[in-house]
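The chain contents come next:
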Amino acid sequence: MKWEKLKPPEPDDQMCCCECDVFQCGCCCCDCDDVDQAFNRWLRDRTPKAGCHSALLGALIDHLEISIVPALVLLPLLMRVAALHYLLGIMTLTALPGLVLWLYYATHRRKRRTLFFLTLALNSLAYTYYLFITEILPRGDVSRIQLCSLTAGVILTIASLVRTKRGPGFVRTEAVEYSPHASVQSEASSCAGATSQFPTGSGRCSWCPVCKIRRPSRAGHCRTCRACVQRLDHHCVWINSCVGQANHHSFLLTVCVFLLTSLYGIGLVLHSLCPQQYLVSALFYCPGVYTQSSSALCFTCAWYGVIVTGGLMYLLVAQVMNISFNVTEREAQLALRNKTGQRRLCGLAVATGTNSRGLYQNWVDFLSMADASMAGKWYLIGFASNGQWFVNRRASMKMGTAVLGPTADGDLDMSYASLKSDGSCWRMNNLAKKTDMPGKFTYTSWGNANDMRVVDVKYDQYVLTHTVKLDGGNPTVINKLYGRAQDLSTDLLEKFRQFSLETGILPENIAFLPKNGECPAA
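Here is what the cut-offs are and how they apply
Once a new chain begins, its residue numbering starts again from 1 and follows that chain's sequence as written. Whole-chain, interface and lining totals are the exception, using all residues; otherwise, since this is a predicted model, local features are given only for residues with pLDDT of at least 70 and side-chain atom pairs are given and counted only at 80 or more. To get the side-chain values, all heavy atoms of the structure are used, and hydrogens and water are removed first. Cavities and pockets were defined on a 1 Å grid built from protein atoms only: a cavity is a group of points that admits a 1.4 Å probe but offers it no way out, a pocket is an open group of points flanked by protein on both sides within 12 Å along at least five of seven lines, and a lining residue is one with an atom within 4 Å of any such point. Grid points are joined across faces, edges and corners, and a volume is the space filled by probe spheres set on the points. Runs of E in the DSSP output that reach at least two residues are strands. Runs of H or I that reach at least four are helices, and both are numbered from the N terminus. By the convention adopted, Pro, Cys, Tyr, Trp, Phe, Met, Ile, Leu, Val and Ala count as nonpolar, Lys, Arg, Asp and Glu as charged, and the other residues, Gly among them, as polar. Under this scheme, a helix contributes an axis fitted over its contacting stretch, all axes are lines through C-alpha atoms, and angles between N-to-C directions fall in the 0 to 180 degree range. The cut-offs work like this: below 35 degrees is roughly parallel, past 145 is roughly antiparallel, 65 to 115 is roughly perpendicular, and the gaps in between are oblique. Should the near helix be turned anticlockwise from the far one by less than a right angle, the crossing is left-handed, and should it be turned clockwise, the crossing is right-handed. Contacts: residue pairs with any heavy atoms within 4.5 Å of one another. Given a helix with a known number of residues, its expected span is that number minus one, times 1.5 Å. The classification of residues rests on relative accessible area computed with a 1.4 Å probe and restricted to protein chains. Under 20% of the type maximum is buried, over 50% is exposed, and intermediate values are partly exposed. Here the arc refers to the directions that run from the helix axis out to each C-beta atom. Note: two strands are recorded as paired if DSSP finds a minimum of 2 bridges between them.

Asks: Just checking my understanding: could you explain the layout of surface pockets for this structure?
Replies: The method is simple in principle: a probe with the dimensions of a water molecule rolls over the atoms, and the space it marks as empty is what remains. Space inside the second largest pocket adds up to approximately 950 Å³. If you go around the second largest pocket, you meet 33 residues; those closest to its centre are W389, M397, Y416, W426 and M428. With six residues, the single largest contributor to the lining of the second largest pocket is strand β11 (residues 412–419). Considering only residue class, the lining of the second largest pocket consists of 18 nonpolar, ten polar and five charged.

Asks: Help me understand the packing of helix α3 (residues 68–82) against helix α5 (residues 116–136) in this model?
Replies: Axes are the key here: two packed helices are described by the angle between their axes and the distance separating the axes. Where α3 meets α5, the axes come as close as 8 Å, and the angle between the chain directions of the two elements is 40°. Looking at the two axes, α3 sits oblique to α5. α3 and α5 meet at a crossing whose hand is right-handed. Along the contact surface, α3 presents I68, P70, A71, L72, L75, P76, M79 and R80, while α5 presents F116, T119, L120, N123, S124 and Y127. Residues belonging to the contact of α3 with α5 are distributed by class as follows: ten nonpolar, three polar and one charged.

Asks: Help me understand the side chain of E331, please; the structure alone is not making it clear to me.
Replies: For E331, the location among the structural elements is in helix α11 (residues 329–337). Not counting chain neighbours up to four residues away, the residues in contact with E331 comprise R218, N326, T352 and N355.

Asks: Before we go on, may I ask you to explain helix α14 (residues 490–502) in this structure?
Replies: An α-helical segment advances 3.6 residues per turn. Residues three or four places apart therefore align on the same side. Over its 13 residues, α14 extends 18 Å from the first C-alpha to the last, a length consistent with the 18 Å expected when each residue adds 1.5 Å. Every buried residue of α14 is accounted for by L492, F496, F499 and S500. Buried residues of α14, seen end-on, are gathered within an arc of 100° and therefore sit on one face of the element. With respect to the buried face of α14, the exposed residues turned more than 90 degrees away are T490 and D491. Each element contacted by the buried residues of α14 is listed here: β9 (376–385), β14 (448–458), β15 (462–471), β16 (474–483) and β17 (510–512).

Asks: What's the story with the pairing of β9 in this structure? I'm lost.
Replies: Walk down a regular strand and you will see the side chains alternate between the two sheet faces. Burial runs high along β9: eight of the ten residues are buried. As paired elements, β9 and strand β10 (residues 401–406) share four bridges and run antiparallel to each other. Across the sheet, the residue bridging to K377 is V403, located in β10. Two strands pair when backbone bridges link them, and β9 and β16 are joined in this way by six bridges, in the antiparallel orientation. Across the sheet, residue Y379 finds its bridge partner in β16, namely G483. Strand direction decides the pairing type here: β9 and β17, joined by three bridges, are antiparallel. Pairing of G382 across the sheet is with F512, part of β17.

Asks: Please explain empty space enclosed by the protein as it appears in this structure.
Replies: One pass over the structure, following the stated rule, counts one cavity of 30 Å³ or more. Approximately 380 Å³ is the volume found for the largest cavity. T128, Y129, S262, G265 and I266 are the residues nearest the centre of the largest cavity, which is lined by 20 residues in total. Elements represented by at least two residues in the lining of the largest cavity include exactly α5, α6 (144–164), α8 (248–273) and α10 (293–324).

No statement about biological role is implied by the geometric values presented.
So this is what it looks like as structure tokens:
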């Protein structure tokens, strides 16, 4: 099996005029992110007056983006203008999506992060809810249950968005496959042509020429976030973050809750403004709605909500189609670019035929998908070494448990426990320090230096580690196979045996440990 080479990311666009070190005042033709950077540099380069600078002000300046200003002002201003006359409403509501889409494609083309769209989305939610409380609620047509339901929808939307913003699941050091025979200089070439005994995911890895790491299958590099993301779907400007393996569930939940809340709120507004009309017909014919500025403003915002809901509906349908075919948006675009995919269902879905296992299983795989992390409890199932200490104790060794916990500094906290025959527990703790080489850690145990490398990992099933222990200057190879459960497939056990033989372990020194009781939590 050969490693699959993904097409490297395209080079970044050239700098805009406002990013030049000499000319630092942005112009109106630049993207909003370029203006942000120039504005931030101007603020930081100004010498503050004595006694006027504080830590709070410095923090605000460091996180200030000028693009959030038009996002905060644009929506209320345009809604007020559109509420003056129905013709102005038609013109404004027609031009607004075009303006936002133009800004979206301009920002997407330059691959820069900006808070404009996230601010616009949050401001839309807050402004329409404010109008509902101040204009619709006093009319007396909304019950307490309806108000509580709408408020709960707004709160759940924000809570789900906060959870989505926690991160898409960036490829971390411990998440990278590594071959024990590869050197730093040969990493790129080995990923392109080496053979792996332990396939990850669908059995492919790829080399990222930007991050200089070997990443798991279906991971991709985001030029906007400038990092590799596990199972990258797409970069969403509306949340100012990538959608990946760690936050895809919460992203889909955010879209669904936002959509339901928007539809429910539109229904309540139209029922209050046009009680004699059906909801759909009230959008096109609502007598007397423009006689008062407050009712005209609420009616205009209802139409704005319909436009936003239409966009959300399309996004939700596209996401459902991709999940049904077990394809990410990134994989769909790559398949269309390389002419290896086929459009299905009137272009709503792209079938690549690579990862799809049927509609039911595709949804099971998506719903059971979790953040790829080595953290948590593992069972030590396979152990292989030619060390004399292992040969002497091999017959009495039984299955133990290991708890792995990545630290904030990128190190790996390892706690091992094994239940002995007399009922007592043997425990050992080590802190594996990360190195400059992805997937490689070093730690000291029993006075001996250990060089540990993560050879392969599938986070919901198994981890294979290869350790070289320097015992008195004589290197000893130790291979370990961990599993999330006490049983692994026969194929994985056989691959572990073959891998151990290739690393010089004698056949009689490859052991699969018998099941054992677990030690109580320390």
